[in-house]
Amino acid sequence: FDLMDGVSQVTFHNISHLNLESEGFQLQYGDLKISVHDSSEISFGSHCVTLASGVTSKLSVKVNNVEEVKIGSMAYDVLDSIEIVKAKKLILEESALKPSHYLSERPQLKVSFRDIKSIPSLPKMTFPAASEVRFDSCGLGEVNAKAFAGNMYENVTFSKSIVQNLRSKAFSDGSLILRL
């Protein structure tokens, strides 16, 4: 999809399998909200949301009540917020939430994972610098070295969550964490 003329929201509901592949959405103008709910499986492939040259759009993603969510490496050129609520499994590839373009010097990204039964791994460079990263009632497997690879995090919260293995250097050397 080439999104222009201010298209602001795309919603997927009751989908058994959705695979957003490379360049599935290209932002030409305006901001975009992607919403997926009450579905079985969704996969955001690498570079599934791209930004046209010279465009300064914003992207927010909200996933609610989806059995399995997969996010590929550098899935989004820009990303301002992502919220995933009520999932059985969340699979993240290396650099999953790392955008290709940063529109601000200060971290803007807000990440919220809530009621996710299994996040098998937080691979290297999962989280770039972010204003907020929250895990509420989540089951995390391995938090790998440099999973938090950004230079600044304003707030990182683990609440009512289980972390099976937190590797040394999960936060990069030199990362500034204002509130953990």
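Note: the structure precedes this text.
Conventions used here
Residues numbered from 1 in each chain as written. Predicted model: local features only at pLDDT ≥ 70, side-chain atom pairs only at ≥ 80, totals over all residues. Heavy atoms only, no water. Helix = DSSP H or I, 4+ residues; strand = E, 2+ residues; numbered from the N terminus. Rg over C-alpha atoms; globule rule 2.2 N^0.38 Å. Buried < 20%, exposed > 50% of the residue type's maximum accessible area, 1.4 Å probe, protein only. Contact = heavy atoms within 4.5 Å. Areas by Shrake-Rupley, 256 points an atom, 1.4 Å probe, with all protein chains shown as cover. Salt bridge = Lys/Arg side-chain N within 4 Å of Asp/Glu carboxyl O. Pairing = 2+ DSSP bridges. 1 Å grid on protein atoms, 1.4 Å probe; cavity = no way out; pocket = protein on both sides within 12 Å on 5 of 7 lines; lining within 4 Å. Points joined across faces, edges and corners; volume = space filled by probe spheres on them. Nonpolar A, V, L, I, M, F, W, Y, C, P; charged D, E, K, R; others polar.

**Focus: the overall build of the protein chain**
Within the protein chain, the secondary structure is distributed over 0 helices and 14 strands. In the protein chain, the succession of helices and strands from N to C terminus is β-β-β-β-β-β-β-β-β-β-β-β-β-β. Taking 180 residues into account, the globule formula puts the C-alpha radius of gyration at 16 Å, and the protein chain, at 15 Å, falls close to it. Oriented by its inertia axes, the alpha-carbon framework of the protein chain measures out at about 45 × 35 × 20 Å. Counting only residues that meet the buried cut, the protein chain has 44% of its 180 residues in that class. For the protein chain, contacts bridging at least 24 residues in sequence account for 53% of all contacts bridging at least 6. Summed over all atoms, the accessible surface of the protein chain reaches about 9000 Å², with 46% contributed by carbon and sulfur.

**Some thoughts on the pattern of salt bridges**
Per the stated rule, a full pass over the model turns up 7 salt bridges. Between Glu41 and Lys70 there is a salt bridge; the shortest N-O distance is 3.7 Å. Separated by 29 residues along the polypeptide, Glu41 in strand S5 (residues 32-44) and Lys70 in strand S7 (residues 59-71) bring together distant segments of the chain. Accessibility expressed as a relative area gives 22% for Glu41, which makes it partly exposed. Among the ionic pairs, Lys70 bridges to Glu68, the shortest N-O distance being 3.5 Å. Under the relative-accessibility criterion, Lys70 is labelled partly exposed at 30%. When salt bridges that share partners are traced, they join Glu41, Glu68 and Lys70 into one network.

**Notes on the pairing of strand S10 (residues 132-143)**
Where a strand is regular, its side chains alternate between the two sheet faces. Inspection of the sheet shows strand S9 (residues 110-122) paired to S10 by 9 bridges, in the parallel sense. Across the sheet, the residue bridging to Lys110 is Glu132, located in S10. With 4 bridges connecting them, S10 and strand S12 (residues 156-159) associate as parallel partners. Opposite Phe135, over in S12, you have Phe158 as the bridge partner. Relative to strand S13 (residues 162-166), S10 runs parallel, the two being bridged by 4 bridges. The residue of S13 that forms the bridge with Gly139 is Ile162.

**Brief notes about the layout of surface pockets**
Looking at the second largest pocket, its volume works out to about 170 Å³. Together, 14 residues line the second largest pocket, and Ser60, Val61, Lys62, Ser81 and Glu83 are the ones closest to its centre. Those elements that place two or more of their residues in the lining of the second largest pocket are S5, S7, strand S8 (81-92) and S9. Residues of the lining of the second largest pocket, tallied by class, amount to 4 nonpolar, 5 polar and 5 charged.

**A short note on the environment of Ser112**
Within the secondary structure layout, Ser112 lies in strand S9. Considered as a pair, Ser112 and Gly139 are 27 residues apart in the sequence and their alpha carbons are 14 Å apart. Apart from residues no more than four positions distant in its own chain, Ser112 is found in contact with Ile82, Glu83, Ile84 and Arg134.

**Some thoughts on the side chain of Ser35**
Mapped onto the elements of the fold, Ser35 is located in strand S5. Sequence-distant contacts of Ser35, defined by excluding residues within four places in its chain, comprise Gln9, Val10, Thr11, Phe12 and Lys62.

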